[in-house]
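# Report on the structure
Read off the chains here:
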Amino acid sequence: MWSTKTKIFGMPLLSAGFFARGFIAVGFSGVGVITIAQFGVGIISITQFGLGIFCVAQFALGFFTLAQGGIGAILAVGQGALGFAAIGFDSGAGFFVVHDPKSIWDGIQILYFTIREDPVFFILWSSFWISSFLFFFLQSDKF
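Report on the accompanying structure. (Residues numbered from 1 in each chain as written. Predicted model: local features only at pLDDT ≥ 70, side-chain atom pairs only at ≥ 80, totals over all residues. Heavy atoms only, no water.)

## Points about the packing of aromatic side chains
Per the stated rule, a full pass over the model turns up 18 aromatic pairs. Judged by centre distance (5.0 Å) and plane angle (85 degrees), the ring pair of Phe-95 and Phe-96 falls under edge-to-face. On the numbers, 5.9 Å between centres and 15 degrees between planes, the contact of Phe-133 with Phe-137 is stacked. Of the two residues, Phe-133 and Phe-137 both sit in helix 2 (residues 120-138), four residues apart, roughly one turn of that helix. We classify Phe-133 as partly exposed; its relative accessible area is 33%. Members of the aromatic cluster, connected to one another through ring pairs, are Phe-84, Phe-95, Phe-96, Phe-121, Phe-122, Trp-125, Phe-128 and Trp-129. (Phe/Tyr/Trp six-rings, centres within 6.5 Å; stacked < 30°, edge-to-face > 60°. Helix = DSSP H or I, 4+ residues; strand = E, 2+ residues; numbered from the N terminus. Buried < 20%, exposed > 50% of the residue type's maximum accessible area, 1.4 Å probe, protein only.)

As structure tokens, this is what we get:
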């Protein structure tokens, strides 16, 4: 594994290799704030199999996912999307669902107008997940 000497938040600025760990992690598997890898975990994750807040992947799990098969706690966009708000091109499931839009942008617009009519459930659901994540993240050293 190669990594830079420059550190951000105690992590190397850039790390590359088989198991990359750094602010920007590039490799076969990686953990970082921004992760580009085959298997990765990160705030922004661009992977084949990914876990993170914002995921662009073939198979993803996160808050906001753009994936062929994705599970998003708040929003999932993809061929098979499962999320509270889902935009599915072949199939999608969730509380708010848009099936087979012409494009991702059209799906986002349709979803926005659907949620705008009654945003209470979406706001409550999103605030619950974000506050739960922040609580567990900030208290992780105590668990």
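There's plenty left to go through after this.
## Side note on the nonpolar core
Of all hydrophobic cores here, the largest spans eight residues; its members are Val-77, Phe-84, Ala-85, Ile-87, Phe-96, Val-98, Leu-111 and Ile-115. Broken down by secondary-structure element, the contributors of at least two residues to this core are strand 4 (14-93), strand 5 (96-99) and helix 1 (104-117). By residue number, the principal contributor to this core is strand 4, which donates four residues. Sequence-distant contacts of Ala-85, that is, excluding residues within four places in its chain, are made with Ile-74, Leu-75, Ala-76, Phe-96, Leu-111, Ile-115 and Phe-122. (Core = buried A, V, L, I, M, F, W, Y, C linked by side-chain atoms within 4.5 Å. Contact = heavy atoms within 4.5 Å.)

## Some points on the pairing of strand 5
Burial of strand 5 is one-sided: the residues Phe-96 and Val-98 facing one way are buried, the residues Val-97 and His-99 facing the other way are not. As paired elements, strand 4 and strand 5 share four bridges and run parallel to each other. Across the sheet, Ile-87 pairs through a bridge with Val-98, a residue of strand 5. (Pairing = 2+ DSSP bridges.)

## Overview of the pairing of strand 4
Here strand 1 (residues 2-3) runs beside strand 4; their pairing, made up of two bridges, is antiparallel. From the neighbouring strand, Ser-3 faces strand 4, where its bridge partner is Ser-15.

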